[in-house]
Amino acid sequence: MGQLSLKNVVKTFGDFEVVKRISLDVQEGEFVVFVGPSGCGKSTLLRMIAGLEHTTAGDILIDGNRVNDLPPVKRGIAMVFQSYALYPHMSVYENIAFPLRVERAPEKEIREKVEAAAAILHLDSRLDQKPGNLSGGQRQRVAIGRAIVRQPEIFLFDEPLSNLDAALRADMRIELTRLHKQLSTTMIYVTHDQVEAMTMADRIVVLHDGHIAQVGAPLALYHKPENTFVAGFIGNPR
Ligand code: ADP
Ligand code: MG
């Protein structure tokens, strides 16, 4: 479960082709990072996988089933955004519980799942607090908790750490890698940050102007870039 295939996926906005015939297979349990400069189409591609954006052409398959026409909630995915989109008036507990309340899950199931997610994310002692009392890193954990309780087959992350300072980003990279090991769920992680890509990915997909410039393990890309774009982009981390 959690196998993803993209087959010649295209997205145009008017005359502007933002995603250009992208094909890719992601294995079950893999941590794949899409990395590329701002505007290269990362978010658009992720939003198509999530079902938040219509696909102009091509197929998206999850576990072999074409999902192009399925709404987001039926795809077995959960997405974590850069802007945490937490409800300020609700406690941490209620923010994490929110997707389960929407599904009208029983109270006992909600409690079990929220407490399990809070334990994984070290939020146990914060469940009664409001998001406004938390640090940026804790707020991002709440947003991740909200994805975890849905028990998705695939997690999608869109630049989840870009609002955090450098030290916190480094901590969260380690946390997310640990989370991936613990859950062993497929994760697709979008970033413009080469360091995040190099340190977190099983496999990196370098995007350039809406197409794939190269796919490979971090060290393979670093030592054997196939073109000058990849050499320049991965070879010169900030
Ligand atoms: P990234 O996430 O890599 O920064 P995006 O996927 O957000 O890139 O955007 C890729 C390109 O598509 C950008 O040039 C952006 O301006 C354009 N774009 C994104 N969404 C829309 C939209 N809804 N309408 C028109 N153009 C868009
Ligand atoms: Mg983006």
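Look up a bit, the structure's there.
Below or above, wherever it landed, is the structure these notes cover. (Residues numbered from 1 in each chain as written. Chains lettered and ligands numbered in written order. Predicted model: local features only at pLDDT ≥ 70, side-chain atom pairs only at ≥ 80, totals over all residues.)

Right, let's talk about the overall build of the protein chain for a bit. Each helix and strand counted, the protein chain has 8 helices and 10 strands in total. For the protein chain, the spread of C-alpha atoms along the three principal axes comes to 50 × 40 × 30 Å. For the protein chain, buried positions account for 38% of its 238 residues. Considering only residue pairs separated by 6 or more positions, the protein chain has 68% of its internal contacts joining residues 24 or more positions apart. (Helix = DSSP H or I, 4+ residues; strand = E, 2+ residues; numbered from the N terminus. Buried ≥ 20, exposed ≤ 12 C-beta atoms within 10 Å, placed from the backbone. Contact = placed C-beta atoms within 7 Å.)

The immediate surroundings of ligand 1 are formed by Phe13, Val18, Gly36, Ser38, Gly39, Cys40, Gly41, Lys42, Ser43 and Thr44. Of the residues in the shell around ligand 1, the class split is 3 nonpolar, 6 polar and 1 charged. (Near = placed C-beta within 6 Å. Nonpolar A, V, L, I, M, F, W, Y, C, P; charged D, E, K, R; others polar.)

The subject of this paragraph is the nonpolar core. In this structure, Val33, Ile49, Ile96, Leu156, Ile188 and Val206 are the most contacted members of the largest nonpolar core, which totals 64 residues. Each residue touching Ile49, except ones within four places of it in the same chain, is listed here: Leu4, Ile60, Ile77, Leu156 and Ile188. (Core = buried A, V, L, I, M, F, W, Y, C linked by C-beta atoms within 7 Å.)

The next subject is the packing of helix H4 (residues 136–148) against helix H5 (residues 166–183). Two numbers describe how H4 lies on H5: the axes approach to 10 Å, and their chain directions differ by 35°. As for how H4 packs across H5, the hand of that crossing is right-handed. Along the contact surface, H4 presents Gly136, Gly137 and Gln140, while H5 presents Leu168, Asp171 and Met172. Grouping the amino acids of the contact of H4 with H5 by side-chain chemistry returns 2 nonpolar, 3 polar and 1 charged. (Axes fitted to C-alpha atoms, helices over the stretch in contact; angles between N-to-C directions. Left-handed = near helix turned anticlockwise from the far one by under 90°.)

Here the focus is the sheet that holds strand E5 (residues 65–66). One open sheet holds the 4 strands; their spatial order is E2-E1-E4-E5, and the pairing between them is antiparallel. The open sheet terminates on both sides in strands that have one partner only, identified here as strand E2 (16–26) and E5. In terms of strand pairing, strand E1 (residues 4–13) meets strand E4 (residues 57–62) through 5 bridges, oriented antiparallel. Residue pairing for E4: Lys7 is matched across the bridge by Asp59. (Pairing = 2+ DSSP bridges.)

So, on to H5. For H5, spanning 18 residues, the distance from its first C-alpha to its last is 26 Å, which sits close to the expected 26 Å at 1.5 Å a residue. One or two steps after H5, the chain reaches Ser184, where phi turns positive at roughly 40°. (Expected span 1.5 Å × (residues − 1).)

The next thing to look at is the environment of Arg150. Here Arg150 shows up in the loop between H4 and strand E7 (154–158). In this structure Arg150 comes out as partly exposed when scored by C-beta crowding, with 18 C-beta atoms within 10 Å. Each C-alpha atom, one on Arg150 and one on Ile77, is 8.4 Å from the other, the two residues being 73 residues apart in sequence. Residues in contact with Arg150, not counting those within four places in the same chain, are Ala78 and Pro99.

What follows concerns the pairing of strand E6 (residues 77–80). A regular strand places its side chains on the two faces of the sheet in alternate fashion. Here E6 shows a buried face lined by Ile77 and Met79 and a second buried face lined by Ala78 and Val80. Pairing of E6 with E7, which is carried by 4 bridges, proceeds in the parallel orientation. Bridge pairing links Ala78 to Phe155 in E7.

This next bit is on the pairing of strand E8 (residues 186–191). Counting buried residues in E8 gives 6 out of 6 residues, a clear majority hidden from the surface. Where burial is concerned, the two faces of E8 agree: the one with Thr186, Ile188 and Val190 and the one with Met187, Tyr189 and Thr191 are both buried. When E7 meets E8, the two strands line up parallel, connected through 5 bridges. Bridge pairing links Phe155 to Met187 in E8. Of the crossover connections in this fold, the one passing from E7 over H5 to the parallel E8 is right-handed. (Right-handed = clockwise from strand over helix to strand, strands pointing away.)

This part is about the sheet that holds strand E10 (residues 211–216). Within the open sheet, the 6 strands sit side by side as E6-E7-E8-E3-E9-E10. Their pairing is mixed. The strands lining the two open edges of the sheet, one partner per strand, are E6 and E10. Neighbour to neighbour, the strand axes of the sheet diverge by 20° on average, direction disregarded. Here helix H8 (residues 228–235) sits on the sheet and contacts strand E9 (203–208) and E10; the angle it forms with E9, its principal contact strand, is near 115°.

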